[in-house]
Amino acid sequence: MDSLLNWITANQQIIYIVILMIFVGIEVIGHVPSVLHTPLMSGANAIHGVVIIGAIIVMGKAESDNYLALIIGFLAVILGTLNVVGGFVVTDRMLEMFKKKKK
Amino acid sequence: MELNILTLCYIIASVTFIVGLKMLSNPAKARNGNLVAAAGMALAIFATIFLYEDGGEKLGNYAWIFGGIIIGSVIGTLAAKKVKMTAMPEMVSLFNGMGGACAALISAAEFNHLYQHYKGPMDIPYSSVMPVGEYITIIAGAIIGSVSFAGSVIAWGKLNGRIKDFAFKGQHLLNIFILLLVLAAAVFAYQSQFKNIMLPFLLLGFFAFLYGVMFVMPIGGADMPVVISLLNSFTGVAAATGGFLYNNKAMLTGGILVGAAGTLLTILMCKAMNRSLTNVLIGSFGGSKAGPAGQKQQGAVKEITLSDAAVVMAYANKVMIVPGYGLAVAQAQHACHELEKLLESKGVNVRYAIHPVAGRMPGHMNVLLAESDVPYEKLLEMEQANEEFATTDVVLILGANDVVNPAAKTDPASPIYGMPILDVELAKNVVVNKRSMKPGYAGIENDLFFRPKTSMLFGDAKKVLQDLVSEIKSM
């Protein structure tokens, strides 16, 4: 218990960010019209692809003779990139359709 | 200096995520919002690769990093470009699963890293070398990431029909039990001696994976967009645990932002269907409830021949088309547009009535019809459409069912009671195109089909529309 409390104090900045971001996340999409639900979901999906940064760090830190770490990191980088690139491209394709009809 | 630039890049990226998300919820700015967020992401990725350092050491293994990024980009772009409009939600689900798996792998790698670099005695409990906060962060990433990955793959399989709904009695209890096993494995691993740590950690991942599978299994295919949205916010949280782990604010803000926005979006989607999230997750919609609850057939349905249908539409003043999932399945959007143009050339006023949840995802019909160049002004939203039905001569329903079911208004026992519907009955004639008399996704009978104004035109939507076009042309 004590160590948990210490950990909270040591990471209080991060915890503040988490709390504020929760409210920001709720606030920014509060008034989305229902036709945009799917593109918004897809766009948010691409944004959590930011996890790729973690994958890059893992990959970059792995020792070059530790094959398990290399393989895990490599897979993580591929999967993370798929999430980011695929996510943004799919969202763009969906929204392209919306734009076209407005002409 | 370089680290400061990295920090600046992360701050910019975080701002683009927030601004991008904000713009994505506005129809006029949505596309640019997506590009803004993508630009921020690219900045964050390249800044990490070139500027990141830990204790004065730069990242290595550039060949592996760039190899992975190139492979991922090529596959991701091709998959996203090639996928058919109807299969978009599946694709999103799959990409979401990739993100979840990525988060889980990061946790596994960190775990492995700590294990291999540990030099102390092997027979002391893991808890004495691992601070509880950091432990929770690592396993949270592993658990949530695995659940999200497994769930997304199942959701993908359900949407493209490879995996059937699978529900049995006591399934929710079993799910809770599996969840307890996950937590038990987490606690057990923490208490274990250092040398025995791998097995409980692997079990933890396995049970989390199993939970993801079992969690999505009983939920009906029609509710998958809601489930995907929920798993999407899970992955956001999993990404944020990575931010905790590396004290990386861009991962943290991006992840939590998506976690919060995704949760709200999930609730908004449920609201659009007038259902609660609990009802979606444990209601097993359409599976168990639809059975004996007084579903009686009200007399016989009336069929209409193709030529009769062609005649009533060609000589009508106003025709309203109500598209549904049947249209998407049959890929009939182009045939539909062709019929619309032909009728317009004969002086018929043609409009489309779009229910907000018609199809498999909100906005599905708008996207589909836009693909075949149906003009924007012709698509009426539900409220507008409901005002116009009274002056409409023929309503043509193409593979829509639950969104026009009058039970939503009249039958309090119906599972869709209270959902706003399109009041097609106000029109003079209703022509319903369906493949068969099978009920829609809610699994309930539709009274509409038995009403005197209604006539049925059975067949595949695309074929029927093409036949209608040639029939009207030859008139």
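Residues numbered from 1 in each chain as written. Chains lettered and ligands numbered in written order. Predicted model: local features only at pLDDT ≥ 70, side-chain atom pairs only at ≥ 80, totals over all residues. Heavy atoms only, no water.

### Points about the interface of chain A and chain B
Where we set the bar: By definition, residues are in contact when any of their heavy atoms lie within 4.5 Å. What counts as buried area is the accessible surface, traced by a 1.4 Å probe, that two parts surrender upon association, with contributions from both included. Salt bridge, as used here: a side-chain nitrogen of Lys or Arg that lies within 4 Å of a carboxyl oxygen of Asp or Glu. A 3.5 Å cut-off defines polar contacts: any pair of N or O atoms within that distance qualifies, except that in protein one atom must be a possible hydrogen donor and the other a possible acceptor, and neighbouring residues in sequence count only when both atoms are side-chain atoms. In this text, helices come from DSSP runs of H or I with a minimum length of four residues, and strands from runs of E with a minimum of two, each type numbered from the N-terminal end. Classification used: nonpolar for Ala, Val, Leu, Ile, Met, Phe, Trp, Tyr, Cys and Pro, charged for Asp, Glu, Lys and Arg, polar for all others including Gly.
Contact with chain A, which involves 84 residues of that partner, is made by 103 residues of chain B. A combined buried area of about 8500 Å² lies between chain A and chain B, and 78% of that area is made up of carbon and sulfur atoms. For the pair chain A and chain B, the interface holds two salt bridges. We note a salt bridge from K61 of chain A to D54 of chain B, for which the minimum N-O separation is 3.1 Å. Where chain A packs against chain B, one counts 17 residue pairs in polar contact (both at pLDDT 80 or more). Where the side of chain A that touches chain B is concerned, the elements lending two or more residues are α1 (2-10), α2 (12-28), α3 (37-47), α4 (52-61) and α5 (67-100) of chain A. Broken down by element, the residue count for the side of chain A that touches chain B peaks at 31 residues, all from α5 of chain A. Of the residues contributing to the side of chain A that touches chain B, the split by class is 52 nonpolar, 23 polar and nine charged.

### Digging into a nonpolar patch on the surface
Residues and elements named next belong to chain A. Going by this rule: Each patch is built from residues lacking any salt bridge and having more than 30% relative accessible area; the joining distance is 9 Å for like charges and 5 Å for nonpolar side chains (Val, Leu, Ile, Met, Phe, Trp, Tyr). Surface accessibility in these figures is a Shrake-Rupley result with a 1.4 Å probe; residues are shielded only by whichever protein chains are displayed. For the exposure calls, accessible area comes from a 1.4 Å probe over protein chains only, and a residue counts as buried if that area is under 20% of its type's maximum, exposed if over 50%, partly exposed in between.
Where nonpolar side chains cluster on the molecular surface, the patch consists of I19, I22, F23 and I26 and spans about 360 Å² of accessible area. The residue I19 is located in helix α2 in this model. For I19, a relative accessible area of 42% translates into the label partly exposed.

### Notes on the pairing of strand β4 (residues 349-354) of chain B
Residues and elements named next belong to chain B. Applied cut-off: Paired strands are those between which DSSP finds at least two bridges.
Relative to β4, strand β3 (residues 318-323) runs parallel, the two sharing four bridges. Bridge assignment links K318 to a residue of β4, and that residue is N349. Two strands pair when backbone bridges link them, and β4 and strand β5 (residues 379-381) are joined in this way by three bridges, in the parallel orientation. Bridging from a neighbouring strand, I354 pairs with E381 of β5.

### Some thoughts on the confidence of the model for chain A
Under the convention used in this document: Values of pLDDT, ranging from 0 to 100, describe the predictor's confidence in every residue of the model.
On average, residues of chain A carry a pLDDT of 88, and 94% of them reach 70 or more. Within chain A, the element-level pLDDT minimum falls on α1 of chain A, averaging 82, and the maximum on α4 of chain A, averaging 94.

### What about empty space enclosed by the protein?
A water-sized probe rolled over the atoms picks out the places where empty space is left. Which entries qualify depends on this criterion: Definitions used throughout: a 1 Å grid over protein atoms alone; a cavity as a set of points that fits a 1.4 Å probe which cannot get out; a pocket as an open set with protein on both sides within 12 Å along at least five of seven lines; a lining residue as one with an atom within 4 Å of a point. Grid points are joined across faces, edges and corners, and a volume is the space filled by probe spheres set on the points.
Tallied over the full model, the rule gives two cavities of 30 Å³ or more. Counted as a void, the largest cavity has a volume near 120 Å³. Looking at the largest cavity, the residues that line it are V58, K61, A62, E63, N66 and A69 of chain A together with A109, E110, N112, H113 and H117 of chain B. When residues in the lining of the largest cavity are grouped by element, the largest group, five residues, is from helix α4 (residues 88-117) of chain B. Considered class by class, the residues forming the lining of the largest cavity number four nonpolar, four polar and three charged.

### A short note on the side chain of N446 of chain B
All names here are of chain B. Along the polypeptide, N446 turns up in the loop between β7 (429-434) and β8 (454-458). Here N401 takes part through its side chain, which lies 2.7 Å from a polar atom of the side chain of N446. When sequence neighbours within four positions are dropped, the list of residues in contact with N446 reads N401, V404, N405 and P406.

### Remarks on the domain arrangement of chain B
Residue and element names in this part refer to chain B. Where we set the bar: Each domain's limits were defined by an automated method or a database of domain assignments.
Domain annotation for chain B reports domain 1 (1-82), domain 2 (87-287) and domain 3 (306-473). Placing the centre of domain 1 and that of domain 2 at their C-alpha centroids yields a distance of 23 Å. Taken together, the contact pairs eight residues of domain 1 with nine residues of domain 2. Summing both partners gives a buried area of about 740 Å² for domain 1 against domain 2, and 77% of it is carried by carbon and sulfur. Ranking the residues of domain 1 by area buried against domain 2 places Y10, F17 and L21 at the top, with a combined share of 46%. Where domain 1 meets domain 2, there are zero salt bridges. Across the domain 1-domain 2 interface, the total number found is two residue pairs in polar contact (both at pLDDT 80 or more). Elements with a contribution of two residues or more to the side of domain 1 that touches domain 2: α1 (2-24) and α3 (62-82). When residues of the side of domain 1 that touches domain 2 are assigned to their parent elements, the largest contribution, five residues, is made by α1. Split by residue class, the side of domain 1 that touches domain 2 holds six nonpolar, two polar and no charged.

### Remarks on helix α8 (residues 224-246) of chain B
All names here are of chain B. Under the convention used in this document: By this rule, a helix spans an expected 1.5 Å times one less than how many residues it contains.
When the terminal C-alpha atoms of α8 are compared, their 33 Å separation across 23 residues agrees well with the 33 Å that a helix rising 1.5 Å per residue should span. For α8, the tally of buried residues reaches 19 of 23 residues, placing the bulk of the element in the interior. Looking one or two residues past α8, N247 carries a phi angle of roughly 50°, positive in sign.

### As for the pattern of salt bridges
Residue and element names in this part refer to chain B. With the rule as written, the count across this model stands at ten salt bridges over all chains. Note that E388 and K318 form a salt bridge whose closest N and O atoms lie 2.8 Å from each other. Here the residue E388 occupies a position in helix α15 (residues 382-388), and K318 occupies one in strand β3, the gap between them amounting to 70 residues. What makes E388 partly exposed here is its relative accessible area of 29%. Overall, K318 belongs to the buried group, its relative accessible area being 11%. We note a salt bridge from R451 to E425, for which the minimum N-O separation is 2.7 Å. Here R451 is found in the loop between β7 and β8, whereas its partner E425 is found in the loop between α16 (407-410) and β7, with 26 residues between them in sequence. Taking the relative accessible area as the measure of exposure, R451 reaches 24% and is therefore partly exposed. On the accessibility criterion, E425 (29% relative accessible area) is partly exposed. Through salt bridges with shared partners, a single ionic network connects E425, D447 and R451.

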